[in-house]
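Here is what each chain is made of, one letter per residue.
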Amino acid sequence: MATHGSLLSRFDAAEYRLCRRLNRGVENTGIRLYFKAASRLGDGVIWYALMLALPFIYGSQVVKVSLVMLATGAVGLAVYKILKRIFVRERPFIRHSGISLAGAPLDRYSFPSGHTLHAVAFTWQICAAFPELSIALVPLALSIAASRVVLGLHYPTDVLVGALLGAASGAIGASLI
């Protein structure tokens with residue numbers, strides 16, 4: 001019978017292998033540049049621009065959407081900072097010499113992915129209010145999430161948990177719109 005420790009060790013080893021496989025994409029200049037750009041957009045620029053632009057595009061009645069997004073973003077930031085302090089999981093490029101860093105980290109710890117949390121939450125809310133924007137925002141959110149692993153900044157589980165937290169907060173935010 002396998003012990004809890006050996007199961008966790010096997011899971012960690014499998015996650016590292018997946019992380020390394022995805023991180024190899026940075027060896028290709030086009031892939032590296034694409035995911036660096038996606039990651040940069042995920043720093044917040046695209047979301048703040050959308051929050052400001054939505055009322056100009058759709059009219060003042062959608063100010064509420066932008067305000068809910070702003071509130072969701074603030075709550076998401078607080079949750080992610082608390083979780084980072086609790087879990088203190090070092091980023092893959094720090095822990096594993098086989099992971100190449102191809103983007104600047106915002107801090108030392110990786111769990112959960114705040115970029116993914118916010119990309120999913122904001123995409124969920126915007127697409128609930130304006131489904132026609134899904135065609136652009138869903139691929140953007142997926143690219144931001146993938147960029148975090150490809151660039152060596154996060155493990156796949158960091159991104160998965162960030163996405164789950166983002167989906168929960170996005171659904172709550174969408175219900176308030």
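Structure's up top.
Values in this document were obtained by computation on a predicted structure and should not be read as measured data. (Residues numbered from 1 in each chain as written. Predicted model: local features only at pLDDT ≥ 70, side-chain atom pairs only at ≥ 80, totals over all residues. Heavy atoms only, no water.)

Visitor: Got a minute to help me understand unusual backbone geometry in this structure?
Guide: For residues that are not glycine, phi is negative in most cases, and the peptide bond is trans in most cases. The omega angle of the peptide bond from Phe111 to Pro112 is -5 degrees, so this bond is cis rather than trans. Relative to the helices and strands, Pro112 is located in the loop between helix 4 (92-95) and helix 5 (114-129). Positive phi values are uncommon outside glycine, yet Val88 reaches one of about 35 degrees. Structurally, Val88 can be placed in the loop between helix 3 (63-87) and helix 4. Overall, the relative accessible area of 42% leaves Val88 in the partly exposed class. (Helix = DSSP H or I, 4+ residues; strand = E, 2+ residues; numbered from the N terminus. Buried < 20%, exposed > 50% of the residue type's maximum accessible area, 1.4 Å probe, protein only.)

Visitor: Please explain the packing of aromatic side chains as it appears in this structure.
Guide: Note on aromatic pairs: each is described by the distance of the centres and the angle between the planes. Evaluated as defined, the whole model comprises four aromatic pairs. Ring centres 5.7 Å apart and planes at 50 degrees place the aromatic pair Trp47 and Phe122 in the tilted group. Remark: Phe122 occurs in helix 5 and Trp47 occurs in helix 2 (residues 29-58); sequence separation between them is 75 residues. The class for Phe122 is buried, based on a relative accessible area of 4%. Between the aromatic rings of Tyr58 and Phe130, the centroid separation amounts to 4.0 Å while the plane-to-plane angle is 20 degrees, which identifies the pairing as stacked. Of this pair, Tyr58 sits in helix 2 while Phe130 is found in the loop between helix 5 and helix 6 (134-150), placing the two residues 72 residues apart along the sequence. (Phe/Tyr/Trp six-rings, centres within 6.5 Å; stacked < 30°, edge-to-face > 60°.)

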